[in-house]
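So you can see what is in the structure, the chains are spelled out below.
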Amino acid sequence: MSATAVIAALAGVVVGAVLKHFFDLRASRRAKLLDEKLRYAVAFLAAADWAGRSYEAAESAAKQLGHAVTQGADRNLVDAEKRHEYHLQQGDTSLKDAHVAACALRLLMPELDTAPGEYIALSVGAESAYSPEGRRKREIARAAVEAALVKTLGTAPRRRGGTLGDDRAT
């Protein structure tokens, strides 16, 4: 074997190793970005749902507070005020968390556009607590956010042996 053949073989090995290293770095960065997107998506959905439940509980506590005021019992009034204040504080905290996570999602995935904000608005809206129409709107908004996340992340479930619309047994 000649010296040029040896040098060419070594150069090929070195170039291959360097390229593999750069491709591994690129794959690692993509994986980290996907992990961040997933983490903020889960955080957003959890915080928005928590905000909705907290504001529903605050609305219920406000009704109980109004009922306690009409009854005039001091003990019930104080308990109802504390419960109402607690649920409002929980709602404010969860709303802040939801907005932070929604902002991170919009930065990481600009194609989501306004879906997170619309879901937050419907989660904490006054009509969403007790009316079936409000709950239906909230469920539709959540489904839209989830669909946008699945589309953006490319995490649609895949079936072995066919496409998603393929109903044949595999």
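This one's a predicted model, so the numbers in the text were calculated from it and none came from an experiment. (Residues numbered from 1 in each chain as written. Predicted model: local features only at pLDDT ≥ 70, side-chain atom pairs only at ≥ 80, totals over all residues. Heavy atoms only, no water.)

So, the overall build of the chain
Here is step 1: Broken down by element type, the chain carries four helices and zero strands.
Here is step 2: Reading the chain from its N end, one meets helices and strands in the order α-α-α-α.
Here is step 3: Put simply, the chain has 170 residues, and 25% of those count as buried.
Here is step 4: Excluding contacts between residues fewer than 6 apart, the proportion of contacts in the chain whose partners are at least 24 apart in sequence is 65%.
Here is step 5: For the chain, the accessible surface area stands at approximately 11400 Å², while carbon and sulfur atoms represent 62% of it. (Helix = DSSP H or I, 4+ residues; strand = E, 2+ residues; numbered from the N terminus. Buried < 20%, exposed > 50% of the residue type's maximum accessible area, 1.4 Å probe, protein only. Contact = heavy atoms within 4.5 Å. Areas by Shrake-Rupley, 256 points an atom, 1.4 Å probe, with all protein chains shown as cover.)

Some words on the pattern of salt bridges
Here is step 1: For the structure shown, the criterion picks out six salt bridges.
Here is step 2: Notably, a salt bridge pairs R136 with E133, separated by 2.9 Å at the nearest N-O pair. Of this pair, R136 and E133 both sit in helix 4 (residues 132-153), separated by three residues, roughly a single helical turn.
Here is step 3: The shortest N-O distance in the salt bridge between E146 and R142 comes to 2.8 Å. Of the two residues, E146 and R142 are both situated in helix 4; the distance of four residues between them amounts to about one turn of the helix.
Here is step 4: When its relative accessible area of 32% is taken as the criterion, E146 is described as partly exposed.
Here is step 5: Classification of R142 by relative accessible area gives partly exposed; the value is 24%.
Here is step 6: Through salt bridges that share partners, D49, R142 and E146 make up one connected network. (Salt bridge = Lys/Arg side-chain N within 4 Å of Asp/Glu carboxyl O.)

Points about the packing of helix 1 (residues 3-71) against helix 3 (residues 115-124)
Here is step 1: Following both chains from N to C, one finds helix 1 and helix 3 inclined at 20 degrees, their axes separated by 8 Å at the closest point. One element, helix 1, and the other, helix 3, form an angle in the roughly parallel class. Once helix 1 is placed against helix 3, the crossing between them reads as right-handed. Across the interface between the two elements, F44, L45, A48, D49, A51, G52 and Y55 of helix 1 pack against P116, Y119, I120, S123 and V124 of helix 3.
Here is step 2: A class-by-class count of the residues in the contact of helix 1 with helix 3 yields nine nonpolar, two polar and one charged. (Axes fitted to C-alpha atoms, helices over the stretch in contact; angles between N-to-C directions. Parallel < 35°, antiparallel > 145°, perpendicular 65-115°, else oblique. Left-handed = near helix turned anticlockwise from the far one by under 90°. Nonpolar A, V, L, I, M, F, W, Y, C, P; charged D, E, K, R; others polar.)

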